[in-house]
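Survey of secondary and tertiary structure
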Amino acid sequence: MKQFDLVVIGSGPAGEKAAVKAAYFGNSVALIEKESQFGGAGTQTGTIPSKTLKESALHFSGVYEKGIYGLDFNFSRKATVDDFMFRKNLVSQAVGIEIEDNLKRHKVEVFSGEAQFTSPHTIKISSESTDEQIIEAKYILIATGSYPFHPSHIPFDGNRIHDSNTILSIDKFPSSMMIIGAGVIACEYATIYAAMGVKVFLINNRSTVLSFADSEISEALKAEMERSGVTFHDDSDITSLEVPVDDNMPLIITLTEGQKIEVDMFLFAAGRNGNTNSLHLDKAGLAVEKRELIKVNEHFQTTVPHIYAVGDVIGFPALASTSMDQGRMAVAHMFEAGDLDTVSNIFPFGIYTIPEISMVGMTEKEAKDANIDYCVGRSYYKNISRARIQMDNNIGFMKLIFDKKTMVVIGIHILGQLATEIIHYGLTLVKDKRTVNDIISTVFNYPTLHDLYKYAAYDGLGNQVGYTIK
Ligand SMILES: Cc1cc2nc3c(=O)[nH]c(=O)nc-3n(C[C@H](O)[C@H](O)[C@H](O)COP(=O)(O)OP(=O)(O)OC[C@H]3O[C@@H](n4cnc5c(N)ncnc54)[C@H](O)[C@@H]3O)c2cc1C
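What counts as what
- Counting restarts for each chain: residues are numbered from 1 in the order of the written sequence.
- The model is predicted, so local features are restricted to residues of pLDDT at least 70 and side-chain atom pairs to those at 80 or more, both for listing and for counting; the totals for chains, interfaces and linings are taken over all residues.
- Heavy atoms from the whole structure form the basis of all side-chain values; hydrogens and water molecules are not counted.
- Each Phe, Tyr or Trp ring, with Trp reduced to its six-membered ring, pairs with another whose centre is within 6.5 Å; inter-plane angles below 30 degrees give stacked pairs, above 60 give edge-to-face pairs, and intermediate values give tilted ones.
- Comment: elements are numbered from the N terminus, with helices defined as DSSP H or I runs of at least four residues and strands as E runs of at least two.
- Under the scheme applied here, a residue whose accessible area is under 20% of the maximum for its type counts as buried, over 50% as exposed, and between as partly exposed, the area being computed with a 1.4 Å probe on protein chains only.
- To estimate how far a helix should reach, multiply one less than its number of residues by 1.5 Å.
- Regarding the arc, it is the one traced by the directions from the helix axis to the C-beta atoms.
- In what follows, residue pairs with any heavy atoms lying within 4.5 Å of each other are defined as contacts.
- Polar contacts, as used here, are pairs of N or O atoms within 3.5 Å; protein pairs need one atom able to donate a hydrogen and one able to accept it. Residues neighboring in sequence count only if both atoms are side-chain atoms.
- For two strands to be treated as a pair, DSSP must find no fewer than two bridges joining them.
- Lines fitted to C-alpha atoms define the axes here, with helix axes fitted over just the stretch in contact, and angles between the N-to-C directions of these axes take values from 0 to 180 degrees.
- When at least one non-hydrogen atom of a residue lies within 4 Å of a molecule or strand, that residue is treated as near it.
- Any residue that is not Ala, Val, Leu, Ile, Met, Phe, Trp, Tyr, Cys, Pro, Asp, Glu, Lys or Arg is counted as polar, Gly included; the first ten are nonpolar and the last four charged.
- Any carboxyl oxygen of Asp or Glu that lies within 4 Å of a side-chain nitrogen of Lys or Arg is treated as forming a salt bridge with it.
- Among the buried residues, those of types Ala, Val, Leu, Ile, Met, Phe, Trp, Tyr and Cys that are joined through side-chain atoms within 4.5 Å form a nonpolar core.

Topic: the packing of aromatic side chains
Evaluated as defined, the whole model comprises 16 aromatic pairs. Centre to centre, the rings of phenylalanine 316 and phenylalanine 349 are 6.4 Å apart; their planes meet at 40 degrees, and the pair counts as tilted. On the criterion of sequence distance, the pair formed by phenylalanine 316 in the loop between strand S17 (307-309) and helix H7 (320-334) and phenylalanine 349 in strand S18 (residues 349-351) is long-range, its members being 33 residues apart. Of the residues examined, phenylalanine 316 reaches a relative accessible area of 67% and is grouped as exposed.

Printed below as a string of structure tokens:
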């Protein structure tokens, strides 16, 4: 039986980074992946493909180019579904190959097949193409990710009724689509398909989208989505979904309020569960929690101390960004690398809707609930020279929240193009407890979108002392 210092299960962002780091420090490492392509949801079914589809939608729709030469100019380009999917396939494949190369370069031994515990230190690997084998490890890292939740009343068929995996392999453009959910995945796909000219209906069992975001930002996104043609049905759900035998006939969906809506395609994008079902965790002495997730301590150890778990399989925040660092951190702990004690609990959220949202730190409600005497400053893309030069980019704003007495920045929230890029200065402000005066006394390149910070800071100062700076 082959023996390793570490066996990693899963090649997503969490597993890849963990395996490579452990090998870099001279440990013998194996990684088991059940799919033929590397990268998991991070590269093959989630982050990278959806972000690439967004860029394709922007390209084909010409959304941001429309105003450059005046409104009469039509920059939209005709696209077939193959055109639309082309770049997504190319990028996912290329990144998957990079991951495989990275593992090989670090001499991580890769096993293809499904991993299953046979004891707390041994794992069986089963695949259709090779004989079953069992390997042994001193440490084991579970990085198996998550899968889209399938409620029993939705007849998923991967043809017209999709989850967030199968929506990536449609072979025909719908003219209309119903999306269930109002979280990140639902809103991202709603804006992508709306930009491609698809009539989108978004069914939400609440009245707000992105419930964790600052309400001013999420309301502004909702307004933008409505402007781009998304029809919202709030406080609603579906009661039935009729699928005609003839694919050319529309799906007929009845909502709780009784209304019937006909659409070509249906996407359920509300909730994911941990990928633990096939692992036989009981053989390792482990059990799962709600939504098939694994419980870990602050070092990412499970209740069996030599078995660690990271990434989506442990739940919140379930991001590629945090998953990678959790993987690295688990390895630092098991091999006492001493280079990483903790994954920062201050990290940005990036939502790649059209327009984008990004945020770090407290929302206004959180500041209020924490009894912080806070102040808000706002700035608008329409007043920023770079936004005017570069694109018809009048949409969006930045909201800066700071402690009124100490002037320390406690939250930054951005709606608008490149929000997920420009948030990182805000991240350092919040993480390092910097003040509004730090923003004002820092020189930025001009013209850049970072002017949003300056304008928001001055606006905040004005609001703090009770007058408005022009
Ligand atoms: C549509 C969508 C958009 C997203 N957008 C973003 C974004 O913009 N930014 C962001 O930070 N995050 C985003 N995410 C979340 C991000 O993709 C995940 O948080 C991240 O991929 C989790 O990484 P992971 O390594 O834990 O799991 P995964 O990436 O899911 O990888 C798990 C791997 O384990 C393998 N595996 C599972 N079980 C076994 C087994 N028994 N044996 C062998 N192999 C197994 C799987 O095949 C898979 O390759 C998005 C997710 C989705 C679905």
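Looking at helix H6 (residues 215-227)
Spanning 13 residues, H6 covers 18 Å between terminal C-alpha atoms, matching the ideal 18 Å at 1.5 Å per step. Buried residues of H6: Ile217, Ser218, Leu221, Lys222, Glu224 and Met225, and no others. For H6, the angular spread of the buried residues around the axis is 160 degrees, confining them to a single face. Away from its buried face by more than 90 degrees, H6 exposes Glu219 and Arg227. Looking at the packing, one finds that the buried side of H6 touches helix H5 (184-195), strand S10 (199-203), strand S11 (231-233), strand S19 (357-361), strand S21 (397-403) and strand S22 (409-415). Measuring from the backbone nitrogen of glutamate 216 back to the side-chain oxygen at the start of H6 gives 3.1 Å, which picks out aspartate 214 as the cap.

Remarks on the sheet that holds S18
Across the sheet, which stays open at both edges, the five strands sit in the order S18-S19-S22-S21-S20 with antiparallel pairing between neighbours. Lying at the two open borders of the sheet, with one neighbouring strand each, are S18 and strand S20 (374-380). Adjacent strand axes in the sheet meet at a mean angle of 10 degrees when their direction is disregarded. As judged from the three bridges shared by S18 and S19, these two strands associate in the antiparallel manner. Across the sheet, the residue bridging to isoleucine 351 is isoleucine 357, located in S19.

Focus on the site of the ligand
Glu33, Thr47, Lys51, Asp312 and Ala320 are the nearest of the 37 residues found near the ligand. With respect to the ligand, the backbone of leucine 319 contributes an N or O atom lying 3.3 Å from an oxygen atom. At 2.9 Å, a backbone N or O of alanine 320 approaches an oxygen atom of the ligand. Looking at the shell around the ligand, its residues break down into 13 nonpolar, 17 polar and seven charged.

Thoughts on the pattern of salt bridges
Under the definition given, this model contains 17 salt bridges. For lysine 17, the salt bridge identified is with glutamate 16, shortest N-O distance 3.2 Å. Judged by relative accessible area, glutamate 16 falls into the buried class, the value being 6%. Of the charged contacts in the structure, one is a salt bridge between aspartate 339 and lysine 21, with a shortest N-O distance of 2.6 Å. Taken together, the residues aspartate 339 in the loop between H7 and S18 and lysine 21 in helix H1 (residues 13-24) connect sequence positions 318 residues apart. A relative accessible area of 44% means that aspartate 339 is categorised as partly exposed. Owing to a relative accessible area of 11%, lysine 21 belongs among the buried residues under this scheme. Several salt bridges share partner residues, and in doing so they unite Asp214, Glu216, Glu364, Arg378 and Lys399 into one network.

Observations concerning the nonpolar core
Residues Leu6, Phe117, Leu141 and Ile142 are the most contacted members of the largest nonpolar core, which totals 49 residues. If near-sequence neighbours (up to four positions away) are discounted, phenylalanine 117 is found in contact with Ile9, Thr122, Ile123, Ile140, Ile142, Leu279, His280, Leu281, Lys283, Ala284 and Ile307. If you look at the next biggest cluster of nonpolar residues, it comprises 45 residues, including Leu53, Leu202, Ile217 and Ile351.

Notes on the pairing of S22
Looking down a regular strand, the side chains alternate between one sheet face and the other. Extensive coverage of S22 is indicated by the burial of seven of its seven residues. Direction of pairing for S19 relative to S22: antiparallel, over a ladder of five bridges. Paired with valine 360 across the two strands is isoleucine 412, which belongs to S22. Pairing analysis gives six bridges linking S21 to S22, with the strands arranged antiparallel. Paired with phenylalanine 397 across the strands is leucine 415, a residue of S22. The hairpin turn running from S21 into S22, its antiparallel successor, is five residues long, and methionine 407 in that turn takes a positive phi close to 70 degrees.

Comments concerning unusual backbone geometry
A cis amide bond links isoleucine 354 with the next residue in sequence, proline 355, at an omega value of 0 degrees. Proline 447 follows tyrosine 446 through a cis peptide bond whose omega is -5 degrees. Mapped onto the secondary structure, proline 447 falls in the loop between helix H11 (436-440) and helix H12 (451-465). Positive phi, normally seen in glycine, also occurs at leucine 210, with a value near 45 degrees.

Examining the sheet that holds strand S13 (residues 251-255)
Across the sheet, three strands lie side by side as S12-S13-S14; this open sheet has antiparallel pairing. Of all strands in the sheet, those bounded by a partner on one side alone are strand S12 (238-242) and strand S14 (260-263). In this sheet, neighbouring strand axes are inclined to one another by 20 degrees on average, regardless of whether the strands run parallel or antiparallel. Bridge count between S13 and S14: four bridges; the pairing is antiparallel.

Purely spatial values, then, with no claim about function.
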